[in-house]
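# Examining the three-dimensional arrangement
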Protein chains: 2
Amino acid sequence: MTYSIGELSRLTGVKPTTIRWYESEGWLHAAERSEGGHRLYSDAHLGRLTFIRHARELGFESEAIRALLRLAGRPDADCGEAHALASAQVREIDARIERLASLRAELARIAGHCLGGTVGECRIIEALAEPAARLTPMPRGA
Amino acid sequence: MTYSIGELSRLTGVKPTTIRWYESEGWLHAAERSEGGHRLYSDAHLGRLTFIRHARELGFESEAIRALLRLAGRPDADCGEAHALASAQVREIDARIERLASLRAELARIAGHCLGGTVGECRIIEALAEPAARLTPMPRGA
DNA sequence: CCTTGAACCTCCAGTCGCTAGAGGGCCCAT
DNA sequence: ATGGGCCCTCTAGCGACTGGAGGTTCAAGG
């Protein structure tokens, strides 16, 4: 079974331009070509692209995805590393949730002080301009 | 009271390069200059930069921050808009938390299936390659 | 077989929110 | 006056794509 780039796109939800970009960056092996130069994808491509997309959606970092792809290529390797990567990812998500929760509390606190007067008395604006309560920045990437 | 860019940086936790970048992008008004061309910041700059930084840390989008800055410049305006922006931000954070929670559940489920065998039998790798359970992508920007 | 128009091709530029480096100039304490 | 730490501008780069221009190929209908 072979697929055009558009079919692959429909099957995976990844846009054609992005698929081409994945190829150019080495995430996806270069596809066969038709006589006229159109890309022809196999089921192997479909699986790999689905894998990449799914891992991205789950928030894995690119290095982790590369590691998982390497693992997937060695079916007799130990599963432990995959498990470790997944667990690390769960911990990462936990940390992110925690941080968002504290942001939410801070914001709700600020917004709760609003008494509906003019901006001059607005606690929201004031609170944002106050140097206090410095927060550490969110880690890059979602 | 005036500050050098380095002092402003120390006071706000924003790097000098980033401060210059904020100026070039119009987030911050251009600073006065010393005879030799060094930037000299006022307390007004300090307040505005703190505001921007704080709002960014709370995850406001750039358009929302611009709107808040516009509001801050009109002290007699109605506070309602600021309140609306803050509330929208709280809802946004809630949605993000919810999404992360479902990602976490999915991942934990996948990782929980790992029985420690070889990669060939690994549910983590398998699950990622499966087209099922498509998730919508995270909104851009943390 | 021919036409048509959707899908495909390559290449290049832009996005966002910064960050880093090169190559120099300024400021001030000793 | 000198040292070295701070500051200046300009340019390029990051990640992870996205969009457009300008041209070619494919497949279905007539």
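Residues numbered from 1 in each chain as written. Chains lettered and ligands numbered in written order. Predicted model: local features only at pLDDT ≥ 70, side-chain atom pairs only at ≥ 80, totals over all residues. Heavy atoms only, no water.

Chain A is annotated in an unreviewed UniProt entry as MerR family transcriptional regulator of Rhodovarius crocodyli.

### Some points on the side chain of Gln89(B)
The cut-off we apply is this: In this text, helices come from DSSP runs of H or I with a minimum length of four residues, and strands from runs of E with a minimum of two, each type numbered from the N-terminal end. Contacts described as polar in this section are N or O atom pairs within 3.5 Å, which, within protein, must combine one atom able to donate a hydrogen with one able to accept it, while residues neighboring in sequence count only if both atoms come from side chains. Contacts between residues were defined by any pair of non-hydrogen atoms, one from each residue, lying within 4.5 Å.
With respect to the element layout, Gln89(B) can be found in helix 5 (residues 80-112). At 3.0 Å, the side chain of Gln89(B) forms a polar contact with the backbone oxygen of Gly59(B). Those residues within four positions of Gln89(B) in sequence are excluded, and the remaining contacts are Leu107(A), Leu58(B), Gly59(B) and Phe60(B).

### A word on the relation of the copies chain A and chain B
As a reminder of what qualifies: We place the copies in one frame by least squares, fitting the C-alpha atoms of every residue whose pLDDT is at least 70 in both.
Between the two copies, chain A and chain B, the superposition gives an RMSD of 0.2 Å; the rotation angle is 180° and the shift along the axis is 0.0 Å. What the superposition gives is, in effect, a two-fold axis relating one chain to the other. Of the residues that chain A buries at the interface, 100% are likewise interface residues in chain B, meaning the two copies contact each other through the same surface.

### Here's the deal with the domain arrangement of chain A
To keep things clear, this is the line we draw: As used throughout, domain bounds are those supplied by an automatic or database domain assignment.
Splitting chain A by domain gives domain 1 (5-57) and domain 2 (80-129). Using only C-alpha atoms to locate each centre, domain 1 of chain A and domain 2 of chain A end up separated by 37 Å.

### Some details on the UniProt feature "domain: HTH merR-type" (unreviewed entry) in chain A
The test is simple: UniProt positions are given in the numbering used here, feature names are shortened, and annotations may be inferred rather than shown by experiment.
Taking the numbering used here, the UniProt-annotated feature "domain: HTH merR-type" (unreviewed entry) corresponds to residues 2-71 of chain A. Helix and strand shares over residues 2-71 of chain A are 60% and 6% respectively, and the end C-alpha atoms of the span are 25 Å apart.

### Overview of the protein's contact with DNA strand D
Note the cut-off: When at least one non-hydrogen atom of a residue lies within 4 Å of a molecule or strand, that residue is treated as near it.
With respect to spatial proximity, 18 residues lie near DNA strand D, and among them Thr18(A), Arg56(A), Gly6(B), Arg20(B) and Arg39(B) are the closest. Those atoms of DNA strand D that come within 4 Å of the protein belong to sugar or phosphate at a rate of 90%. One of the side-chain N or O atoms of Arg56(A) is found 2.3 Å from a phosphate oxygen in DNA strand D. Within the side chain of Arg33(B), an N or O atom sits 3.1 Å from a phosphate oxygen of DNA strand D.

### Side note on the packing of helix 1 (residues 5-12) of chain A against helix 2 (residues 16-24) of chain A
All names here are of chain A. Note the following rule: For helices, the axis comes from a line fit to the C-alpha atoms of the stretch in contact; other axes are also lines fit to C-alpha atoms, and the angle between any two N-to-C directions lies between 0 and 180 degrees. For classification purposes, angles smaller than 35 degrees are called roughly parallel, those larger than 145 roughly antiparallel, those between 65 and 115 roughly perpendicular, and all remaining angles oblique. Charged residues are taken to be Asp, Glu, Lys and Arg, nonpolar residues to be Ala, Val, Leu, Ile, Met, Phe, Trp, Tyr, Cys and Pro, and polar residues to be all remaining types, Gly included.
At a closest axis distance of 9 Å, the pairing of helix 1 and helix 2 adopts a crossing angle of 100°. By the criterion of interaxial angle, the relationship of helix 1 to helix 2 is roughly perpendicular. Contacts from Ile5, Leu8 and Ser9 of helix 1 reach helix 2 at Pro16, Ile19 and Arg20. For the contact of helix 1 with helix 2, a count of residues per class yields four nonpolar, one polar and one charged.

### Comments concerning the packing of helix 4 (residues 62-72) of chain B against helix 5 of chain B
Residue and element names in this part refer to chain B. Selection criterion: Here is the rule for handedness: rotate from the far helix to the near one, and if that takes an anticlockwise turn smaller than a right angle the crossing is left-handed, while a clockwise turn gives right-handed.
Following both chains from N to C, one finds helix 4 and helix 5 inclined at 160°, their axes separated by 10 Å at the closest point. Considering the angle they form, helix 4 stands roughly antiparallel to helix 5. In this structure, the crossing between helix 4 and helix 5 has a hand that is left-handed. For the pair helix 4 and helix 5, contact is made by Ala64, Ala67, Leu68 and Leu71 and by Glu81, Ala82 and Leu85, respectively. Taken together, the residues that form the contact of helix 4 with helix 5 break down as six nonpolar, no polar and one charged.

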